[in-house]
Amino acid sequence: MSTATTPAGVPGHGPAVPGGSGKIARTGVPGQRVGAAEADDVPRYAPQWLQLREGADADARAPELLDPLRIRLTNRPRRGGDLVIHDLGCGTGSMGRWLAPRLDGAQHWILHDRDPYLLHFATVGAPRAAADGSPVTVTTQRGDIGRLTADALAGASLVTASALLDVLTGEEIDRLAAACAGAGVPALLTLSVVGRIELAPADPLDAEFAEAFNAHQRRGELLGPDAITVACEAFGRYGATVRVHPSPWRLGPDDAALIEEWLRGWVGAACEHRPDLAARAETYLRSRLTACAAGELRAVVHHSDLLALPGATGDAA
């Protein structure tokens, strides 16, 4: 799946895969954004893609990290007011819809994204009640999370994000870790890709497309599948206790629409990085989409969730 959504590189419109429908440019490569809007030069994720993946994201996120998070929130300094939660790169607000009903107590969510269009979707679809029925309110903030500071997080109870880390640079992750540490704020960062894909039935070309896709994710200074390791090291340097748990998508016949869009984006990104794959991409993609339509294709897309709990010092609310 970052106001900023993701401040780092913007891929623009991905190339159409030979024999494909051209949907790659519309939906965006998984974990990336589609091209910049002409009027305001804001890189955009297509809301259709974010909405399509929301169910798989919700099923994948690691509930095992919630109990230690709840304990930390219950014991936070100056407890008594609303939980103040910053959702970085909120997109259409799926993280809030997943997390808010799993936490007790009144909550105020600050939704960050660079795209005002997505902020509108996130506000309209925001949750209204916490797990115990307490109210949930939201405000939006448009800007660049690449410039996030501890001062900007003053009074925060939690920083959260979904599908964000892998489209950041090492410098941006270090800045995020420093800001959270400086404010004494825990961070729950979910669904970072780790570079492993399992497709069944297998195809001899799977590994080659996966390698090219991973290289595309690392273009420029972006971390792609290395992000979770870099983030663990960064938060650790600033004194946080870090927990990581797997959060894979497990997709089958009931997820055919998501598999189709994911496949188009995955193959398209691989071909963008390695144009020599395009000659084989048409047959490969057609075969995969035929199996998907027949309910015969399954995919496991591996991610990891990270919970960083700061040390005793800080100003968390």
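In what follows, the structure referred to is the one given above.
What this report covers is the structure whose coordinates are included nearby. Since we're looking at a predicted model, the values are computed, not measured.

1. Here we look at the overall build of the chain
Tallying secondary structure elements over the chain gives ten helices and ten strands in all. Taken across its 317 residues, the chain has 55% of its residues classed as buried. Per element, the accessible surface of the chain, about 12,500 Å² overall, is 51% carbon and sulfur.

2. Points about unusual backbone geometry
Comment: phi is negative for the bulk of residues other than glycine, and the bulk of peptide bonds are trans. The peptide bond linking Ala200 to Pro201 adopts the cis configuration, its omega dihedral lying at 0°. In the Ramachandran plot, Ala163 falls in the positive-phi region, its phi being about 55° despite a non-glycine side chain. Along the chain, Ala163 falls in the loop between β6 (158–162) and α6 (170–183). With a relative accessible area of 2%, Ala163 lands in the buried category. Residues other than glycine seldom take positive phi values, yet Leu191 does so here, at roughly 60°. Mapped onto the secondary structure, Leu191 falls in strand β7 (residues 187–200).

3. Here's the deal with the environment of Gly265
One can find Gly265 in helix α9 (residues 256–273). Take Gly265: its relative accessible area is 0%, and that puts it in the buried class. Along the chain, Gly265 and Phe213 lie 52 residues apart, while their C-alpha atoms are 9.5 Å from each other.

4. Describing the pattern of salt bridges
Charged atoms that come close allow side chains of opposite charge to pair. The final tally for this structure, using the stated rule, is twelve salt bridges. Between Asp57 and Arg53 there is a salt bridge; the shortest N-O distance is 2.8 Å. Of this pair, Asp57 and Arg53 both sit in helix α2 (residues 47–60), four residues apart, which is roughly one turn of the helix. Each of the two residues, Asp57 as well as Arg53, counts as buried. The salt bridge involving Asp226 is made with Arg218; its shortest N-O contact spans 2.7 Å.

How each quantity is defined
- Residues numbered from 1 in each chain as written.
- Predicted model: local features only at pLDDT ≥ 70, side-chain atom pairs only at ≥ 80, totals over all residues.
- Heavy atoms only, no water.
- Helix = DSSP H or I, 4+ residues; strand = E, 2+ residues; numbered from the N terminus.
- Buried < 20%, exposed > 50% of the residue type's maximum accessible area, 1.4 Å probe, protein only.
- Areas by Shrake-Rupley, 256 points an atom, 1.4 Å probe, with all protein chains shown as cover.
- Salt bridge = Lys/Arg side-chain N within 4 Å of Asp/Glu carboxyl O.

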